[in-house]
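For reference, the chains in residue letters:
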Amino acid sequence: MLNLDSLSHKDFILVKNARQNNLKGISLAIPQKKFVVITGVSGSGKSSLAFDTLYAEGQRRYVESLSAYIRQFMGKINKPQVDYIKGLSPAVAIQQKVNTVNPRSTVGTTTEIYDYLKLLYARAGKTFSPVSGMEVKRHTVTDVVNYVQALESGSRVQILAPLVKLAERSWEDELDAILQKGFSRIVLNNKIVKAEDVKYFLETGKTESDMKDTIKKSRKLLDKSYLLVDRITPDPEDEDTTSRIGDSVQTAFYEGHGDCVVEIIPAEGNPCMISFSDKFEMDGITFEEPSTNLFSFNNPYGTCKTCEGFGNVIGIDEEKVIPNRNLSVYEDAVACWKGEKMSEWKDEFIRKAFKLDFPIHRAYKDLNAAERDLLWEGTKGITGINDFFTYIETKTYQIQYRVMLARFKGKTRCRVCQGTRLRREASYVKVNGVAITELVDMPTKRLSEHFLSLELDKKSQEIAGRILIEINNRLNFLNDVGLGYLTLNRASRTLSGGESQRIQLVTTLGSNLTGAMYILDEPSIGLHSADTTRLIAVLNRLKDLGNSVLVVEHDEDIIREADQVIDIGPYAGSQGGEVVFQGSLKELMSDGQSLTAKYMRNEMRVAIPEERRESKYFVQFGGANKNNLRDITVRIPLQAMTVISGVSGSGKSTLVREIIHPLLQAAIEGRMSKLEPESITGDYRRIKRIEYVDQNPIGKSSRSNPVTYLKSFDPIRELYASQPMSKQRGYTPGFFSFNVEGGRCEVCKGEGIQTIEMQFMADVEVICENCNGRRYKSDLLEVEFKGKSIADVLEMTVRDAVIFFEGKNDILKGLNPLSQVGLDYLTLGQPSAHLSGGEAQRIKLASFLIRSNAPDPIFFIFDEPTTGLHFHDIDLLLKSFQALVENGHTVLIIEHNLDVIKCADYLIDLGPDAGEAGGEVLYQGVPEGLLAVAESKTAKYLAEKL
């Protein structure tokens, strides 16, 4: 029996009698400042310990530390069910969920790298004119004085100011004002004349000056003349001369309205004039001075005015205009230029562009940037695609043109900022010749190399030194957690749960906090085995900073590297909630009770199928070249289980989400054009439906839960409405629904909880005080079946509910599939918002198992379905997949888990690396064949499983 009283809270986090959710009064001493893994089967109570007990108590204590005045606006946060927790450090939770809903949030802003980039470009950036390519500078008096004093000995200098006439004055008045200021001479046609003589000539038309010829031209030349401010011989050793030059230059800037001209008369040679300006101008353009706001797409000052900082607009969609990139312009690649009438545009383009050597017979995918620009933008005398749509927009008063325009519109990259989200002026500012708009589209791995090789002058280095340290540290962290393929411009909402969690980890590492307790929820999700080693190094670095690192994890490699392992179990739900094991890896491997240890010792393992299915039907997808895919062709057998593997960022999601799914959907719905079958061939007509089973939450309502999603709650409500007390009181099935008024608690609207907005913290959920979390009115809960109210039923686990409703086949029909996919630990009423992405995905799978005998063959796509699954649960999941295939369906899985990969009937491996170094098909066939592919990183790890 663990004696917590004998241990110090300085060395351990002491947890006494934790009873949260399914935890059965467990007591633990978790070592401080160590890397600890909490493992166990899905639903055993890992998250209940890590998040609902430790993190929740840390958050509660923080709120309790605030003043009474602030706490009155926050409400009361319930204390976790535990006797006490000692030695608890400030808690930071890094979870799987993609937390942001801001469409402007990017990888750069989330990791704070972009904030440092803005600072770098605002402080060390140099502005270059897009016309001449010359650097734009605002000259100071000191710049001009230094220039003059550096001239060769013997030179003489004239300091001039452009003669500027105010709009309301005549030249006679302007010259009079000059004379009143004490100036006497002007430079007219490169000759010095008296201002008084010129004024006299303009007033009388007469002149007696010895510069008669020049003065007589003054009416034409005054606009280009100069005011002579001073004539001086530079002398760097004389302070009075330096001071005089400075005063004269300052006067010249003032009189010249920001411009000053220095005429140099060398001892030998011809005179020359050098212009200076204290305005930020060049080539007739007034430029914006670099500032952090200029580079911010969340600020109205810096954001692109067309897309308002989103990077995308509703416009002409390139993919709809060019549906088949394998075709040339001559072969009707431009879909809007087809047809008897519209083909005239194509014919005209071909006729004129041919003279400019445009390759009309080259496939669109092979055109270079200049050739594509010519096709879209056109040029003088040549009409491009955008000109065509501009013409169509002038005809939208006719319905056929409105329909045509709508057909080719969609969300597309902003043409003004090219997706960089910033106003064009931001691209004129460069550091070492590169604009910030170029950096945000680089993969972070290449961006890291760019900054490591960055060469700056001494002054810029002094300014940027500290900033570059922060940028390089965060870029290194991104690469270390296997995200080197992402760009800083990647929208945060497009990240997977695992990617989002590792981004949060990078942000945390960048802050260099010490003495905190970090709780991570399966950071290995979405990570290939080849990248796990780097993730472990990052977690150890977090520990080395002086933090306690608690990781809820199933990955074997991470478990093996932990300082201590805590195994919760032995099984899920009501059969879990106990500490099966706590100790070192060596002790774990000799433990006889732990399921985790049995799988790690290979005493138990997921069995490899005795034979692989061979299908005579297949679908082939060709010409896949989106993002980093390199014009690949893949073949998917029907009525079989196919797995797509490869390192993180190799192109798996792009292939499935942007090629296979949309093309197959278009084929099923009969939306294929005559040209598109070149991209999809084979037996796709045998597929009647496609289902993309992702990890998005089930249901749209906050009251959605597993039994409402699976329609299992309907027969339960009918059962309770048929009880004698219900009939006596007139309760219908609707009274037992918490989605409509009737029997539900109206204070919490049937949710059982109330959400308190914390303003500067994450929102907190507290139990409804009116119904005490039971969801229903008290009189409705008096109706019971077998001694249980409907609220009691919602608190049952699936396993317990199956036993409770024995013999009620209409109810069991919806509950049994949840057991089949390893979710029998879930409570029937668990809110969908509290489900992990993997749990939501498996509930969707259960819904298909309910109707798996559907006559029409379905093409199922699963995106990493093993998320959140223990070794023991993966076997159940694979049996569910096999059941779908046995019923005539096709299963396609994106997966890193080796147990799933080894059980595939057909394997497609992408790589060899991530981002620009990936996008190739390394292998297609049965899993055993991959072992012969030397460049495959998957093969190295798969060999241990086969």
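Refer to the structure printed above.
The following refers to the structure shown. Residue numbers run consecutively from 1 along every chain, following the written order of its sequence. Reporting in this predicted model follows two pLDDT cut-offs: at least 70 for local features of residues, and 80 or more for side-chain atom pairs to be given and counted; totals over whole chains, interfaces and linings ignore these cut-offs and use all residues. Values reported for side chains reflect all heavy atoms of the structure, with hydrogen atoms and water molecules removed beforehand.

### Some details on the packing of aromatic side chains
No. 1: Ring pairs shown here join Phe, Tyr and Trp side chains whose ring centres sit within 6.5 Å, with only the six-membered ring taken for Trp; geometry is labelled stacked below 30 degrees between planes, edge-to-face above 60, and tilted in between. As enumerated under the stated definition, the model contains 24 aromatic pairs in all.
No. 2: Judged by centre distance (5.7 Å) and plane angle (45°), the rings of Trp337 and Phe349 are tilted. Of this pair, Trp337 sits in the loop between helix 11 (318-321) and helix 12 (343-353) while Phe349 sits in helix 12, and the two are twelve residues apart along the sequence.
No. 3: Residue exposure (1.4 Å probe, protein chains only): buried if accessible area is under 20% of the type maximum, exposed if over 50%, otherwise partly exposed. Its relative accessible area of 1% is what places Trp337 among the buried residues.
No. 4: On the numbers, 6.1 Å between centres and 85° between planes, the contact of Tyr731 with Phe736 is edge-to-face. Taken as a pair, Tyr731 and Phe736 share a single burial class, namely buried. Only DSSP runs of H or I covering at least 4 residues are called helices, and only runs of E covering at least 2 are called strands; the numbering of each starts at the N terminus.

### Examining the packing of helix 13 (residues 369-377) against helix 14 (residues 385-393)
What describes two packed helices is the angle between their axes and the distance between those same axes.
No. 1: Contact geometry for helix 13 and helix 14: axes closest at 4 Å, N-to-C directions at 15°. Taken as axis vectors, helix 13 and helix 14 run roughly parallel relative to one another. Packed against helix 13, whose contacting residues are Leu375, Trp376 and Glu377, the element helix 14 presents Ile385, Asn386 and Asp387 at the interface.
No. 2: Following the grouping adopted for this structure description, the nonpolar residues are Ala, Val, Leu, Ile, Met, Phe, Trp, Tyr, Cys and Pro, the charged ones are Asp, Glu, Lys and Arg, and the polar ones are all others, Gly among them. Each residue belonging to the contact of helix 13 with helix 14 can be placed in one class, and the counts come to three nonpolar, one polar and two charged. Between N-to-C directions, angles cover 0 to 180 degrees, with each direction set by a line fitted to C-alpha atoms, over the stretch in contact for helices. Angle categories are assigned with fixed cut-offs, so that under 35 degrees is roughly parallel, over 145 is roughly antiparallel, 65 to 115 is roughly perpendicular, and the rest are oblique. Throughout, a contact is declared for two residues whenever any of their heavy atoms are within 4.5 Å.

### Remarks on the packing of helix 14 against helix 15 (residues 399-407)
No. 1: Closest axis-to-axis distance for the helix 14/helix 15 pair is 9 Å, and the angle between their directions is 140°. Our classification of the angle between helix 14 and helix 15 gives oblique. Viewed along their axes, helix 14 and helix 15 form a crossing whose handedness is left-handed. Only Tyr401, Met404 and Leu405 of helix 15 make contact with helix 14, whose side of the interface consists of Phe388, Phe389, Ile392 and Glu393.
No. 2: Here the residues of the contact of helix 14 with helix 15 sort into six nonpolar, no polar and one charged. Put simply, a crossing is left-handed when the front helix is turned counterclockwise from the back one by less than a right angle, and right-handed when it is turned clockwise.

### What to know about the pattern of salt bridges
Should their charged atoms come close, side chains of opposite charge can pair.
No. 1: Salt bridge, as used here, is a side-chain nitrogen of Lys or Arg placed within 4 Å of a carboxyl oxygen of Asp or Glu. Applying the stated criterion across every chain yields a total of 45 salt bridges.
No. 2: Here Arg534 and Asp531 are joined by a salt bridge, their closest N and O atoms 2.7 Å apart. You can see Arg534 and its partner Asp531 sitting in helix 20 (residues 529-544), three residues apart, about one turn around the helix.
No. 3: On the accessibility criterion, Asp531 (7% relative accessible area) is buried.
No. 4: If you follow the salt bridges from partner to partner, you end up with Glu112, Arg466, Glu470 and Arg474 in one network.

### Here we look at empty space enclosed by the protein
No. 1: Using a grid of 1 Å spacing that covers the protein atoms alone, one calls a set of points a cavity when a 1.4 Å probe fits there but cannot get out, and a pocket when the set is open and has protein on both sides within 12 Å along at least five of seven lines; lining residues are those with an atom within 4 Å of a point. Grid points are joined across faces, edges and corners, and a volume is the space filled by probe spheres set on the points. Per the stated rule, a full pass over the model turns up two cavities of 30 Å³ or more.
No. 2: As for the largest cavity, its lining consists of Thr106, Tyr114, Phe297, Thr420, Leu422, Thr437, Val440, Leu488 and Asn489.
No. 3: Its residues assigned to classes, the lining of the largest cavity comprises five nonpolar, four polar and no charged.
No. 4: If you add up the space inside the second largest cavity, you get close to 40 Å³.
No. 5: Lining of the second largest cavity is provided by Gly40, Val41, Asp567, Ile568, Gly569, Pro570, Val580, Gln593, Ser594, Leu595 and Thr596.
No. 6: Among the secondary structure elements, those contributing two or more residues to the lining of the second largest cavity are strand 22 (564-569) and helix 23 (595-600).

### Brief notes about helix 18 (residues 458-480)
No. 1: Helices are assigned an expected span. That span is 1.5 Å times one less than the residue count. Taking 1.5 Å of rise per residue, the 23 residues of helix 18 would be expected to cover 33 Å, and the 31 Å separating its terminal C-alpha atoms lies within 8% of that figure.
No. 2: Here the bend at a residue means the angle between the axes of two seven-residue stretches, the one that ends at it and the one that starts at it. Taken as a whole, helix 18 carries its principal kink of about 55° at Ala464.
No. 3: Polar contact criterion, stated in full: a pair of N or O atoms within 3.5 Å, where within protein one must be able to donate a hydrogen and the other to accept it, and residues adjacent in sequence count only if both atoms are side-chain atoms. Structurally, the start of helix 18 carries an N-cap: the backbone nitrogen of Lys459 is 3.2 Å from a side-chain oxygen of Asp457.
No. 4: Within two residues after helix 18, Gly482 carries a phi angle of roughly 80°, on the positive side.

### Here we look at the sheet that holds strand 25 (residues 632-637)
Sheet strands line up and pair through hydrogen bonds in the backbone, either parallel or antiparallel.
No. 1: Two strands pair if DSSP finds at least two bridges between them. Sheet architecture is open: three strands sit in the order 25-24-27, paired in antiparallel fashion. Looking at the sheet topology across the chains shown, the edges are occupied by strand 25 and strand 27 (680-682). Sheet twist, expressed as the mean angle between neighbouring strand axes with direction ignored, is 20°.
No. 2: Pairing geometry for strand 24 (residues 618-624) and strand 27, over three bridges, is antiparallel. Paired with Val619 across the bridge in strand 27 is Gly682.

### Regarding the environment of Leu664
No. 1: In this structure, Leu664 sits in helix 24 (residues 652-668).
No. 2: Judged by its relative accessible area of 0%, Leu664 is buried.
No. 3: With 46 residues separating them in the primary sequence, Leu664 and Leu710 have C-alpha atoms 27 Å apart.
No. 4: Once residues within four sequence positions are removed from consideration, Leu664 is found in contact with Val619, Phe621, Ile680, Tyr684, Ile687, Ile690 and Phe859.

### Remarks on the pairing of strand 33 (residues 906-911)
No. 1: Burial analysis of strand 33 places six of its six residues in the buried class, the great majority of the element.
No. 2: Here strand 33 shows no split at all, with Tyr906, Ile908 and Leu910 on one side and Leu907, Asp909 and Gly911 on the other all buried.
No. 3: Relative to strand 33, strand 26 (residues 641-646) runs parallel, the two sharing five bridges. Paired with Gly646 across the strands is Leu910, a residue of strand 33.
No. 4: Pairing of strand 33 with strand 34 (residues 920-925) involves five bridges; the strand directions are antiparallel. The partner of Ile908 across the bridge, within strand 34, is Gln924.

### A closer look at unusual backbone geometry
No. 1: Omega for the bond connecting Gly569 with Pro570 falls within 30 degrees of zero, at 5°, which places this linkage in the cis form.
No. 2: Considering the arrangement of structural elements, one finds Pro570 in the loop between strand 22 and strand 23 (578-583).
No. 3: The linkage connecting Gly911 with the following residue, Pro912, adopts the cis geometry, with an omega of 5°.
No. 4: Tracing the backbone through its elements, the reader meets Pro912 in the loop between strand 33 and strand 34.
No. 5: Unusually for a residue other than glycine, Asn21 sits at a positive phi of about 55°.
No. 6: Its place among the elements puts Asn21 in the loop between strand 1 (12-18) and strand 2 (26-31).

### Let's talk about the sheet that holds strand 8 (residues 156-162)
No. 1: Within the open sheet, the six strands sit side by side as 10-9-11-8-12-13. Their pairing is antiparallel. Each end of this open sheet is capped by a strand with a single partner; those strands are strand 10 (191-194) and strand 13 (272-277). Within this sheet the neighbouring strands show an average axis-to-axis angle of 35°, counted without direction.
No. 2: Sitting on the sheet, helix 7 (residues 195-204) is in contact with strand 9 (185-188) and strand 10, with an inclination near 70° to strand 10.
No. 3: Across the sheet, helix 10 (residues 239-255) lies against strand 8, strand 11 (226-232), strand 12 (259-265) and strand 13, angled at about 175° from strand 11, the strand it touches most.

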